[in-house]
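Architecture and fold: a report
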Amino acid sequence: MKTWRVFAAVAAALVIGTADAQAQAFGVQGNWSDDFDLGIGARLELGLPNLFTTEGPFSNTYLIGSFDWFFPDDDPVEFDYWEINANLAIPITATTIDPYAGLGLNIGHISVDATDTSDTEVGLNLLGGLRFNLGNVGAFTEGRFVIGDNDHFVLTFGVLVGGTR
């Protein structure tokens, strides 16, 4: 139950803290991690076009907030893993297919059921992806390296509603 409270607090902070955001998109995503197998999550994108400049390559910068719950293969020890991400993405071009690159923060939490222990680690995200505009619905694919005490790679696919660029 604490997990959902943390997620709700982070999502609310992202929305309130970026009140000047121009475009908002919300979506669902599926994940694969080299350490934690498959996962599902939610994603919020907030456009920040005036963060750096009103024109040029940084004019469509946006914030990506996500929460992902993974379902690791429980062999030999059963454990749970979830993560919260806050990333700044900079579009590389503006076409029907929008590539982007970015960086941000990762908060990962692991708990081992057998020993009743848990640990939360903070890491750095390095990411790149493609965003597809499909009318009122967008789709995306993203690769993200988490660097820190909890190093891993995550591949994400999903759909977005609202906030098309």
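Heads up: these notes are all about the structure in this document.

Basis of the calculations
- Residues numbered from 1 in each chain as written.
- Predicted model: local features only at pLDDT ≥ 70, side-chain atom pairs only at ≥ 80, totals over all residues.
- Heavy atoms only, no water.
- Helix = DSSP H or I, 4+ residues; strand = E, 2+ residues; numbered from the N terminus.
- Contact = heavy atoms within 4.5 Å.
- Areas by Shrake-Rupley, 256 points an atom, 1.4 Å probe, with all protein chains shown as cover.
- Buried < 20%, exposed > 50% of the residue type's maximum accessible area, 1.4 Å probe, protein only.
- Pairing = 2+ DSSP bridges.
- Axes fitted to C-alpha atoms, helices over the stretch in contact; angles between N-to-C directions.

Let us look at the overall build of the protein chain. Tallying secondary structure elements over the protein chain gives one helix and eight strands in all. In the protein chain, once contacts between residues fewer than 6 apart in sequence are set aside, the share between residues at least 24 apart is 53%. Carbon and sulfur atoms provide 65% of the accessible area of the protein chain, an area that totals close to 8,700 Å².

Another aspect to go through is the environment of L38. Tracing the sequence through the fold places L38 in strand β2 (residues 37-47). A relative accessible area of 52% means that L38 is categorised as exposed. Residues in contact with L38, not counting those within four places in the same chain, are N31, W32, W69, F70 and F71.

Strand order in the closed barrel formed by eight strands is β1-β2-β3-β4-β5-β6-β7-β8, with antiparallel pairing between adjacent strands. Sheet twist, expressed as the average angle between the axes of neighbouring strands with direction ignored, equals 25°.

Before going further, it helps to spend a moment on the environment of L103. For L103, the location among the structural elements is in strand β5 (residues 97-112). The spatial distance from the C-alpha of L103 to the C-alpha of I64 is 9.9 Å, given a sequence separation of 39 residues. Those residues in contact with L103, other than ones at most four positions away along the chain, are N87, L88, N125, L126 and L127.

Purely geometric numbers; function is a separate question.
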